[in-house]
Amino acid sequence: MINEIIKNKRTTKDENSSNNHMPQTYIPQTGELKAKLVTPRKLFLFWDVSTVAKRVIELFFNCRFEEHVTVIRIYDVTDLNFNGKNAHHYFEITVPYQNGHWFVKGLAANRHYVAELGIQMSDTGFFPLFRSNCLQTPVLEMSGDNGLNYDLLQFHRYEESSPKWMDYVSTYSYYMDAKNLEDNNA
């Protein structure tokens, strides 16, 4: 994929100016497609709007990037070691590349999804540019609201970040009851 080429290039302030309308936490690094679970059945995809990806496509296919249709493919990869071709099924959504983000709704419960952003070409098919992280949708609601589904959803929404370490640790000791100690020695 293009990710190796794009990772070697530093982005400039001008290239990222189209992403300024997105919160800073949602601006991915160069060459990335990120996925976040918004609700149990809806995810938010966001990507780097870089001229590098456009230029690679133009040089590789010898035509303007705008001549191609940009699509997002959503793969169901539940219980699979996904290799790009072995999904249970997938569906496509046409998106404007310059937006840098898109919402996808209508996902099934308790499934794993991976998204790819790419271009659809009439003669050769789909050419992927970026692949997202894998997300799991929560199970269907269970009767007797015990908070388990809410905790699971919060776990899946958790931002990947380093743990916040404490500067000190409080320890504890185990003390035996003196009466039991005397009984054991007798």
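A. The arrangement of the pattern of salt bridges in detail. Under the counting rule described, the total for this entry stands at 6 salt bridges. For Glu66, the salt bridge goes to Lys54, with nearest N and O atoms at 3.6 Å. In this pair, Glu66 sits in the loop between α2 (51-61) and β3 (69-76) while Lys54 sits in helix α2, placing the two residues 12 residues apart along the sequence. For Glu66, a relative accessible area of 46% puts it in the partly exposed group. Given the relative accessible area of 16%, Lys54 is considered buried. The salt bridge partner of Glu66 is Arg64, with a shortest N-O separation of 3.6 Å. Residues participating in the shared-partner salt-bridge network are Lys54, Arg64 and Glu66.

B. Region of interest: the sheet that holds strand β5 (residues 101-105). The strand order β1-β2-β5 describes an open sheet built from 3 strands, whose pairing is antiparallel. Two strands in the sheet have a free side with no partner beyond their single neighbour: β1 (33-39) and β5. Taken pair by pair, the neighbouring strands of this sheet meet at an average axis angle of 25 degrees, ignoring direction. Judged from the 6 bridges that link them, β1 and strand β2 (residues 42-47) form a sheet pairing that is antiparallel. Residue pairing across strands places Thr39 opposite Lys42, the latter belonging to β2.

C. How the structure looks around α2. Looking at α2, one finds that the buried residues are Val52, Ala53, Lys54 and Ile57. Of the residues flanking the start of α2, the one acting as N-cap is Ser50, its side-chain oxygen 3.0 Å from the backbone nitrogen of Val52. The positive-phi residue at the C-terminal boundary of α2 is Asn62, with phi of around 55 degrees.

D. Spatial organisation of the nonpolar core. One finds Leu45, Trp47, Ile72, Ile74, Tyr97 and Leu117 to be the most contacted residues of the largest nonpolar core, which totals 24 residues. Going through the elements one at a time, β1, β2, α2, β3, β6 (112-121) and β7 (125-131) are the ones with two or more residues in this core. With 5 residues, the single largest contributor to this core is β6. Among all residues touching Ile72, those that are not within four sequence positions of it are Leu45, Trp47, Phe91, Glu92, Ile93, Val95, Trp102, Ala115, Glu116 and Leu117.

E. Inspection of unusual backbone geometry at higher detail. A positive phi angle is found at Asn62, which is not glycine, with a value near 55 degrees. Along the chain, Asn62 turns up in the loop between α2 and β3. Asn62 gets classed as exposed once you look at its relative accessible area, which sits at 72%. In this structure, Asp79 takes a positive phi of about 60 degrees despite not being glycine. Following the sequence through the fold, Asp79 ends up in the loop between β3 and β4 (89-94).

Criteria and thresholds
- Residues numbered from 1 in each chain as written.
- Predicted model: local features only at pLDDT ≥ 70, side-chain atom pairs only at ≥ 80, totals over all residues.
- Heavy atoms only, no water.
- Salt bridge = Lys/Arg side-chain N within 4 Å of Asp/Glu carboxyl O.
- Helix = DSSP H or I, 4+ residues; strand = E, 2+ residues; numbered from the N terminus.
- Buried < 20%, exposed > 50% of the residue type's maximum accessible area, 1.4 Å probe, protein only.
- Pairing = 2+ DSSP bridges.
- Axes fitted to C-alpha atoms, helices over the stretch in contact; angles between N-to-C directions.
- Polar contact = N/O pair within 3.5 Å; in protein donor to acceptor, adjacent residues only side chain to side chain.
- Core = buried A, V, L, I, M, F, W, Y, C linked by side-chain atoms within 4.5 Å.
- Contact = heavy atoms within 4.5 Å.

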